[in-house]
Amino acid sequence: MPHIALRTDLFGITSLLDYRRQTAGPLCELTQLLLRGPSTLTEAERELIATYVSYRNDCTFCRSAHGAATCQLPGGSLEQLEAVQRELSTAPASKKMLTLLHIAGKVQQNGRFVTIEDADAARQAGATDLEIHDTVLIAALFCLYNRYVDGLATVTPADPAFYEALGQRISTRGYMMPANEYQPLQYEKK
Amino acid sequence: MNFRPDAALALNMLVQALLVDDSPLTRGERELIATYVSSRNECTFCMTSHGAIAAHLPGNDYDLVRAVWKDYRNAPISEKMKSLLHIAGKVQQSGKAVSEADIAAAREQGVSDLEIHDTVLIAATFCMFNRYVDGLGATTPDDPAFYDLIGRQRAEEGYLTKSVILK
């Protein structure tokens, strides 16, 4: 049960964005910019960074939702996602993505753990400064979301069909706040 | 933050909404949460700058901020603030670390849902900012006057004006 009174027809982060629109607005703007704005990283790559950090923070809601989005976006796959979570160094991803995910994993622990060598390795694998910047900020943003979602004990649905539907919503509509209020997610329960 | 101005704008809007706009917590209380979490993440830049902002807000001074850094349980702050800083410290470790007992202890001090929400979100937000600043190896000046300048400006103007240190 959540630590505070939230709408019971909304779950996870959605119930929090609905609770406090004052802060939801800029959070959604930032997320839309980082995960859907112009970038040389694909949307699937950016969602993979979000999923990997959420996995490392053991945040089931974020990990499941962004994992679903990763797999639904062009270039993403469940096989790759599972391999990244199992053992990063041997996962079937580009050398550039492996070095960026390595940096994201350091950020998840603490920003101070990212070394010059980590950044150099990413550059040698073809990453630009902007890609390194965005990787660090996406990883940091999910350290925020994971704590927000779990720190207030929001409800984490168990049905995989819920995350498939949420993945559909965020991979097609993105992250901007609805003009009116948040609507419960419609999906076929399994 | 100058590296990507569009992201900087969104980040400043967030911090304005969270630390300056309406909340049942005073601006001074919210800045204390921010500097406390930053101290636990050992992010010197955020800890020192938000410590300076806190010190420039009504009811606070540098002695109080230093006492919170050292050990908030012995700092001259309300029991309510102690219960909220305790929750913020849990959030700094992991969201999952916040227990029913932590929330119950805050409730005993008369803390509202919105105060709990804002505490958790401020703590989570500084877990982002601390990682952003340190993860990219941003320069951390060591002159206290630099931070005092930031502290005075942000306490007076909030987060949406151009930084004095860039003028």
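Owing to the predicted nature of the structure, the values given are computational and were not obtained by experimental measurement.

A. Summary view of the overall build of chain A. Check the secondary structure of chain A and you find nine helices and zero strands. Ordered by position from N to C terminus, the α and β elements of chain A give α-α-α-α-α-α-α-α-α. Counting only C-alpha atoms, chain A reaches 50 × 35 × 30 Å along its principal axes. Counting the 190 residues in chain A, one finds 48% classified as buried. For chain A, contacts bridging at least 24 residues in sequence account for 70% of all contacts bridging at least 6.

B. Examining the packing of helix α3 (residues 43-56) of chain A against helix α5 (residues 78-86) of chain A more closely. All names here are of chain A. Running from N to C, α3 and α5 point in directions that differ by 40°, and their axes come no closer than 10 Å. By the criterion of interaxial angle, the relationship of α3 to α5 is oblique. For the pair α3 and α5, the sense of crossing is right-handed. Across the interface between the two elements, L48, T51, Y52 and Y55 of α3 pack against L81, V84 and Q85 of α5. Class assignment of the residues belonging to the contact of α3 with α5 gives a composition of five nonpolar, two polar and no charged.

C. Summary view of the confidence of the model for chain B. Of the residues in chain B, 98% reach a pLDDT of 70 or more, and the chain-wide mean stands at 95. Per the prediction output, this complex has pTM 0.97; the corresponding ipTM is 0.97.

D. Just the environment of B:I103, in detail. Positionally, B:I103 belongs in helix α6 (residues 100-108). Here the alpha-carbon distance between B:I103 and B:D148, two residues 45 residues apart in the chain, equals 34 Å. For B:I103, the residues in contact, after removing those within four places along its chain, are A:H3 and B:I116.

E. Up close: unusual backbone geometry. With phi around 55°, A:A153 is a residue other than glycine that occupies positive phi space. Structurally, A:A153 is set in the loop between α8 (129-151) and α9 (160-172). Backbone geometry at B:E42 places phi at a positive 55°, although glycine is not the residue there. Inspection of the secondary structure assignment puts B:E42 in the loop between α2 (27-40) and α3 (44-55).

Cut-offs applied
- Residues numbered from 1 in each chain as written.
- Chains lettered and ligands numbered in written order.
- Predicted model: local features only at pLDDT ≥ 70, side-chain atom pairs only at ≥ 80, totals over all residues.
- Helix = DSSP H or I, 4+ residues; strand = E, 2+ residues; numbered from the N terminus.
- Buried ≥ 20, exposed ≤ 12 C-beta atoms within 10 Å, placed from the backbone.
- Contact = placed C-beta atoms within 7 Å.
- Axes fitted to C-alpha atoms, helices over the stretch in contact; angles between N-to-C directions.
- Parallel < 35°, antiparallel > 145°, perpendicular 65-115°, else oblique.
- Left-handed = near helix turned anticlockwise from the far one by under 90°.
- Nonpolar A, V, L, I, M, F, W, Y, C, P; charged D, E, K, R; others polar.
- pLDDT = per-residue confidence, 0-100.

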